Amino acid sequence: MTKRAVKDHYENLVELKYKLFNSLFLTLPLDAVEQAGLLLPLLEESSHRGLAEGLDPEEILENFFASHRPSMSEEARAQFLFKIIQYVERQVVLIDALEDAAYSEIHRTEESNKLRQLVERVESDVLQKEFKSILAGFGARVILTAHPTQFYPGAVLAIITDLTEAVQSNNIATARELLQQLGNTPFYQKEKPSPLDEASQLTWYLDNVFYESVGDILEYLERHLDAEDLDSESLLSVGFWPGGDRDGNPFVTAAITKEVAAKLRARIIECYHREIKAIRRRLSFPEITEKIEEIEQLFHKELTNQISACFSSPRELISILNEIQSSLEINYQGLFVGKLVSFKRKIQSFGFHFASLDIRQDSRVIDSTFHEILETHPSLLSSDFENKKEEQKIAELFSINGKLQANLLTSSTSLDTLNSLEEMKEIQIANGQLACHRYIISNCRGPLDVAKLVALFKLSGWDLEKLTVDIVPLFETIADLKNSSRNIKVLYDFKKYREHLERRNNKQVIMLGFSDGTKDGGYLMANWSIYSAKEGLTKISRVNNIEVCFFDGRGGPPARGGGSTYKFYAALGKTIESNQIQLTIQGQTISSYYGTQVGATHNLRQLLAAGLENNLYHRPDRELSSSQRELMEELANSAHQKYLNFKSHPLFLKYLVEMSALNYYSLSNIGSRPSVRNSSDKIDFESLRAIPFVGAWGQLKQNVPGYFGLGTALKSMEEKGRLDECIDLYDRSGFFRALVGNSMQSMSKTNFSLTSYMKKDKLFGEFWELIYSEFELSMEMALKISGQSVLLEDHPGSRHSIGLRQKVVLPLLIIQQFALIKIRSLNLNDSPDLKEVELYENMVIRSLFGNINASRNSA
């Protein structure tokens, strides 16, 4: 499809319909504020024109009111701006619904179905046997997290679903009613959600999306590969963090973990109950009907708490279904047997747990828990333990024995850490081993952190020889990534740990953090460090006959590992183990990528195809030559130094705190987790979460973490006469091409005209210029090496979507900047009007939602 055709395609599917439905929306009787909906297009026009003329947000709004509502009081103006924010939020929802309605056409899901293309190629190349062999050991898992970037409340998500259906069926009357409902449905939550609330919201996607999408994909593979013995349990699965991720979240307790596990079981039983009822309507044959009704009744009894468990295990249920299937095939010509096979496939995949609940805690909490135990139980280890070498400490920790007296511990965090380990065992007993089988150590600094966790498991009643838990170190900082291979080798060298891995099928899961890596070392260095770490970890694992499974902690935007998932995984070569693909999906990425069955099916197919293709076919652009590695190392080091200089600038954190919306993330009631890891109200860089860090730059429309240092690195090569090498690297390396492409996506979502007024600021003017200069250089050099004339020229569909969203959300951004200017001005007074300050702070908080949702992957 030509670029012009793509533009026309998007205009017809989305933009023209947006104009139609938006015209209906703006005329609905939604507000008591005078003609807010009718004035919004004028404000949008004034915003674009004002920025083009170099006006600041305060001047733009002053001119707007002077032209259209000169007699409006300050109080009325403020109420008007709040109402504009509400309108823009809902305009963004309208765009979301329109794009969801046209998802198949916009993304050309059938034409770009990489899984189908791969299967067809396998058939053409007569590689079915090899492909089935790879499938037998391959697995992909998407892990839903509760990180606070999801701004749509459940009621709004439901409206989006219904509005999407109304648009697809061209039902204008229903769409108008839904728009009116949307206009009167609150987006803002008065209180922070609890971890249980977050879990409840995300289980909606499990029930309404993943249950069917995963089943459909598995059915496709079985049908086209004649692979009835497909391992549905591990080929495609879902992980779950709400209620298990306690890193920096004091509200996640062992009791919450238990409750979330029960909720996940209830959800999957509800799905099974619904499906078995549908099957019963078709299997109306003697004897078979009775057996189906028995199953249905057992599901019902568990859901109504009449019994604790409907079946002892999924295997028991499948055994009964096998008997029914055999009877159908023998006595009823196999009528409707496909429905039964489909049902069994889902049971094999989801078990009685639906999604695997991961437990995560920071290594420093594990360390402090362990030290409190030693203080109250000094005889557990040798008296000279602290003076021993690392290897000696690890050996002693692996051999620890003893009984704890929990009543001696005073720290609630330490008690919860221990209770969560005990709860993992209880969850496995109730819902199956896969229900809760991984413990992730955030900020893992080395093998000692792993050994301390093993010791805590033993002290909590687990037998190391029966430990059915994968211990997952999470390496995040640049230093920890560089040391990761050495640290893992130390663990492999210990007999007790190797024996544990043997019991875990000789697999070691290792998580790598894109978000904190980028925050720590900048975009280019973080991505290269993770790539290099994967190669090193793969090498040392293969030497030890261990299959390393990489779990990528990816956020929404490229600055946090987001961007094109298919291109990222398709670019990994043979030097990186890729039998397993695991990644986090979080925030608006869940709703934008996996919010509908069509979208989820498409993205899961692409993910599977990337990993399977890597293992089956060789592609030259996946491998880096020694000269390309040297060039990548030079580029990463150059970008890293630029970022470190930027990060160490005395105004770096002060700029974010005073000039952005950083301080307001924790006040927005979008997630249960605090914005910083420590309990202090003061923000320091080390404790600052990656999400608000990246999100604050996104609210400024500067998106610094997604490109900063890239321009300087490429320019240094050009000045050395080596730009052709960079162009060649872009052309020949899928990894570097994906890296630059994702950075271009970040740059395409910037709008420096919004904050250009800051260059006049006495304190921050030069700092703003520093950022803008690196942005201009990064854009120039990215375009130069890619051969493109505009950002995302090779992805016109994305470019048009971003363009529409940027245009619609601009009035909201103007209002946010205006409010921040007002707050700074008021706080210059010795005795500021606190009520007025609060008014504008609320305005900033309310403006966060629409901007985040408009970007779809900005935090």
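Here, the structure is the one placed above.
No experiment lies behind these values; they were computed from the predicted model shown.

Parameters and conventions
- In this convention, every chain numbers its residues from 1, walking through the sequence in written order.
- At least 70 in pLDDT is required for a residue's local features to be given in this predicted model, at least 80 for side-chain atom pairs to be given and counted, and no such filter applies to totals for whole chains, interfaces and linings, which use all residues.
- To obtain the side-chain values, all non-hydrogen atoms of the structure were included, while hydrogens and water were left out.
- A pair is scored as a salt bridge if a Lys or Arg side-chain nitrogen falls within 4 Å of a carboxyl oxygen belonging to Asp or Glu.
- Here a strand is any run of E in DSSP of at least two residues, a helix any run of H or I of at least four, and the numbering for each starts at the N terminus.
- Each residue is assigned to one of three classes by its accessible area relative to the maximum for its type, calculated with a 1.4 Å probe on protein chains only: buried under 20%, partly exposed between the two thresholds, exposed over 50%.
- For two strands to count as paired, DSSP must find a minimum of two bridges between them.
- Every residue pair with non-hydrogen atoms within 4.5 Å of one another is taken to be in contact.
- Each axis is a line fitted through C-alpha atoms, taken for helices only over the stretch in contact, and angles between the N-to-C directions span 0 to 180 degrees.
- Here the word oblique covers every angle except those under 35 degrees (roughly parallel), over 145 (roughly antiparallel) and from 65 to 115 (roughly perpendicular).
- Each crossing is labelled by how the near helix is turned from the far one, with a counterclockwise turn of less than a right angle marking it left-handed and a clockwise turn marking it right-handed.
- Charged residues are taken to be Asp, Glu, Lys and Arg, nonpolar residues to be Ala, Val, Leu, Ile, Met, Phe, Trp, Tyr, Cys and Pro, and polar residues to be all remaining types, Gly included.

Engineer: Hey, could you run me through the pattern of salt bridges in this one?
Structural biologist: A pair can form between side chains of opposite charge whenever their charged atoms are brought close. Under the defined criterion, the tally for this structure stands at 47 salt bridges. Notably, a salt bridge pairs Arg846 with Glu89, separated by 2.8 Å at the nearest N-O pair. Highlighted residues: Arg846 in helix H35 (residues 834-855) and Glu89 in helix H4 (residues 74-101), separated in sequence by 757 residues. The pair Arg846 / Glu89 is uniform in exposure class, with both members buried. For Arg619, the salt bridge goes to Glu613, with nearest N and O atoms at 3.4 Å. What makes Arg619 partly exposed here is its relative accessible area of 26%. Glu613 gets classed as buried once you look at its relative accessible area, which sits at 10%.

Engineer: What am I meant to see in the sheet that holds strand S6 (residues 470-475) here?
Structural biologist: Strand pairing in a sheet takes place through backbone hydrogen bonds and is either antiparallel or parallel in direction. The strand order S3-S2-S1-S9-S8-S7-S6-S5-S4 describes an open sheet built from nine strands, whose pairing is parallel. With partners counted over all chains shown, the strands left at the sheet margins are strand S3 (356-357) and strand S4 (359-362), one partner each. Contacts from helix H19 (residues 447-459) reach strand S5 (438-442) and S6 within the one sheet, and its direction differs from that of S5 by about 140°. Against the sheet, helix H23 (residues 523-543) engages strand S7 (507-513) and strand S8 (547-553), with an angle of about 160° to S8.

Engineer: Would you explain the packing of H4 against helix H34 (residues 796-826) in this entry?
Structural biologist: A packed helix pair is summarised by two numbers, namely the angle formed by the two axes and the spacing between the axes. H34 packs onto H4 with a crossing angle of 165° between their chain directions and a minimal axis gap of 10 Å. As judged from the angle between their axes, H4 and H34 are roughly antiparallel. Crossing geometry of H4 relative to H34 is assigned as left-handed. For the pair H4 and H34, the contacting residues are Leu81, Ile84, Ile85, Val88, Gln91, Val92, Ile95, Asp96 and Glu99 in the first and Ser801, Leu804, Arg805, Val808, Val809, Pro811, Leu812, Ile815 and Phe818 in the second. For the contact of H4 with H34, a count of residues per class yields 13 nonpolar, two polar and three charged.

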